[in-house]
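Residue-level structure breakdown
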Amino acid sequence: MVDYVVCRNEERRNEMGNLLHLIDWKEKNNREMDKLLSVKEALTVQSMNSGYEAEVVKIIHQGDQFVLKVWNRDSKPNIQFQYHLLQMLTQREVPVSRPLAWGVDSKENKVLLTTYDGHPFQTFSRKNITEMARILSKIHGISPYQIKNANLPKYQFIDYFFFGIEEHQDLSQLLIQLVKKAQIAQSDFIHGDYHFENIVEETETFTVIDWTNAQLGDKRYDFAWSVFLLKIYGISEKHASLFRSVYISEHSISQDEEEVLEAIACIRWFLFYRKNRIPIRNNTLDKVQKIIKNNPYLNKTLLYT
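Quick look at the structure, then. All values derive from a computational prediction rather than experimental measurement. (Residues numbered from 1 in each chain as written. Predicted model: local features only at pLDDT ≥ 70, side-chain atom pairs only at ≥ 80, totals over all residues. Heavy atoms only, no water.)

1. Things to note about the overall build of the chain
The test is simple: Helix and strand labels come from DSSP, where a helix needs a run of H or I of at least four residues and a strand needs a run of E of at least two; each type is numbered from the N terminus. All radius of gyration figures rest on C-alpha atoms, and the globule criterion is 2.2 Å times the number of residues raised to 0.38. Classification of residues uses two cut-offs on accessible area relative to the type maximum, computed with a 1.4 Å probe and protein chains only: under 20% is buried, over 50% is exposed, and between them is partly exposed.
Summing up its helical and strand segments, the chain has nine helices and twelve strands in all. A compact globule built from 305 residues would reach a C-alpha radius of gyration of about 19 Å, and the chain, at 20 Å, matches this within 12%. Taking the principal axes of the C-alpha coordinates as reference, the chain spans close to 60 × 35 × 35 Å. Within the chain, the fraction of its 305 residues that count as buried is 54%.

Set out below in structure tokens:
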């Protein structure tokens, strides 16, 4: 990561003063950013859990907390798009982190500064799972025309979500058949990776983070991916069932559609699994095997790969 970031699991005062001065800010919320940039003393910097695409730190000053995300790895998403999207979603009262600025650091890495909105989702209660489903329903209820100024991207479905699948012929052939059957339509506003690790909470208030994959897509797939991950990583299968029923009460999906989209989600998971890019817990494979056995569209040979 850039030079000013602290070591993981540490917190200290930044020795270089206000680290925000080291960034070339391209767009910013002038009122809040001018206040932050006027700070001459050192800021407190605390490392946070980071994903595959970027490094993340928390910035603390006089009780105010912010999140600085730095894309310093292979992924080079459009951060200007994310900044404008978060602005528009904030205006529509979607629970997202409020964007303060985006820019480029001294190593040409794109950076995004937002509010800090809590710790990772941890409490799998009926109330929380219900709220999690309703938030996704609200996201999918937003017409792309309502946020057209964000210039939502549209990608080729298989190329984007299944990058490298051509190296796995068994998965690729099955996926092509299922995508054709599902009649994937890319006309909805989707998050692209909606699951509990992309939700943070603070005093029973939830905020959806990581909008890197937001795009014009198929909300049925967005929903199916969420349910699949909840089934295999959630604490109880009842949580996935509750999430599903709450969402479907607002967005109708047939059982056949669900099974086809679940199979597509499972293929994506297996692709990540083969690339060693997915977490495996004590009972993860058992749960995946159960899904394969119960889904009529999945090739049972996946159980042995």
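Continuing now.
2. Here we look at the side chain of T207
Keep this limit in mind: Residue contacts are counted whenever heavy atoms from the two residues lie within 4.5 Å of one another.
You can see T207 is positioned in strand β11 (residues 205–208). Among the residues examined, T207 registers a relative accessible area of 6% and is labelled buried. Once you skip the residues sitting within four places of it in the chain, T207 turns out to touch P95, V96, S97, D117, N198, I199 and V200.

3. What to know about helix α3 (residues 126–140)
The condition is simple: In this scheme, a helix's expected span is set at 1.5 Å multiplied by one less than its residue total.
Taking 1.5 Å per residue as the helical rise, α3 with its 15 residues ought to reach 21 Å, and the 21 Å between its terminal C-alpha atoms agrees with that figure. Taken together, the buried positions of α3 are occupied by N128, I129, T130, M132, A133, I135, L136, S137, I139 and H140.

4. With respect to the nonpolar core
Test applied: Nonpolar cores were defined as sets of buried Ala, Val, Leu, Ile, Met, Phe, Trp, Tyr and Cys residues, with membership established by side-chain atoms within 4.5 Å.
L85, F162, F189, W211, F243, I264 and W269 are the most contacted members of the largest nonpolar core, which totals 81 residues. Residues within four places of W269 in sequence aside, it is in contact with W225, F228, L229, I232, Y233, I278, I280, T284, L285 and V288.

5. Focus on the sheet that holds β11
To keep things clear, this is the line we draw: Here, strands pair whenever DSSP counts at least two bridges between them.
One open sheet accounts for three strands, arranged β8-β10-β11; its pairing is antiparallel. Because the sheet does not close on itself, it has two edges, and the strands there are β8 (119–120) and β11. Note that strand β10 (residues 199–202) and β11 share four bridges and pair antiparallel. Residue I199 lies in a different strand from β11, and its bridge partner there is V208.

6. Some words on the packing of α3 against helix α6 (residues 219–233)
Counted only if it meets this: Lines fitted to the C-alpha atoms define the axes, with helices restricted to the stretch that makes contact. Angles between their N-to-C directions range from 0 to 180 degrees. Our angle categories are set so that under 35 degrees counts as roughly parallel, over 145 as roughly antiparallel, 65 to 115 as roughly perpendicular, and the remainder as oblique. The sense of a crossing depends on the near helix, which, turned anticlockwise from the far helix by less than a right angle, makes the crossing left-handed and, turned clockwise, makes it right-handed.
For the pair α3 and α6, interaxial distance at closest approach is 10 Å and the crossing angle is 160°. On the basis of their axis angle, the class for α3 and α6 is roughly antiparallel. The crossing of α3 and α6 is right-handed. Side by side, α3 and α6 meet where I129, L136 and H140 of the first sit next to K219, D222, F223, S226 and L230 of the second.

7. A look at unusual backbone geometry
The backbone of Q62 shows a phi angle near 50°, a positive value even though the residue is not glycine. Assessed through its relative accessible area of 68%, Q62 is described here as exposed. With a phi close to 70°, E108 is a non-glycine residue in the positive phi region. Its place among the elements puts E108 in the loop between β6 (99–104) and β7 (110–115).

8. A look at the packing of aromatic side chains
Two numbers describe a pair of aromatic rings. These are the distance of the centres and the angle of the planes. Definition in use: Geometry of aromatic contacts follows a simple scheme: Phe, Tyr and Trp rings, the Trp one being its six-membered ring, pair when their centres are within 6.5 Å, and the pair is stacked under 30 degrees between planes, edge-to-face over 60, tilted otherwise.
A full pass over the atoms with the stated rule returns 18 aromatic pairs. Pairing F157 with Y221 gives two aromatic rings, centres 5.1 Å apart and planes at 85°, and the pair type is edge-to-face. In this pair, F157 is assigned in helix α4 (residues 157–161) and Y221 in helix α6, connecting sequence segments 64 residues apart. Classification of F157 as buried rests on a relative accessible area of 6%. Overall, the relative accessible area of 1% leaves Y221 in the buried class. Arranged with centres 5.2 Å apart and planes meeting at 10°, the rings of W269 and Y273 form a pair that is stacked.

9. Quick word on the packing of α3 against helix α7 (residues 237–248)
Defined as follows: Ten residue types, Ala, Val, Leu, Ile, Met, Phe, Trp, Tyr, Cys and Pro, are classed as nonpolar, four, Asp, Glu, Lys and Arg, as charged, and the remainder, Gly among them, as polar.
Relative to each other, α3 and α7 sit at 40°, their axes nearing to 8 Å. Comparing the axis directions of α3 and α7 gives the class oblique. Where α3 crosses over α7, the handedness of that crossing is right-handed. In this structure, α3 uses R126, I129, T130, M132, A133, R134, L136, S137 and H140 to contact α7, whose residues at the interface are H239, L242, F243, V246 and Y247. Along the lines of polarity and charge, the residues of the contact of α3 with α7 split into eight nonpolar, four polar and two charged.

10. Quick look at the pairing of strand β4 (residues 55–61)
The buried count for β4 comes to seven of seven residues, which makes it a mostly enclosed element. Judged from the four bridges that link them, strand β3 (residues 44–47) and β4 form a sheet pairing that is antiparallel. The residue of β4 that forms the bridge with Q46 is K58. Sheet analysis places β4 next to strand β5 (residues 64–71), joined by seven bridges and oriented antiparallel. Opposite E55, over in β5, you have V70 as the bridge partner.

11. Points about the pairing of β10
Where β8 lies against β10, two bridges are found, and the strand directions are antiparallel. Within β10, the position partnered with P120 by the bridge is V200. Hairpin geometry of β10 and β11 is characterised by an intervening segment of two residues between the two adjacent antiparallel strands and by a positive phi of about 50° at T203.

Note that all results are geometric; they support no functional claim without further evidence.
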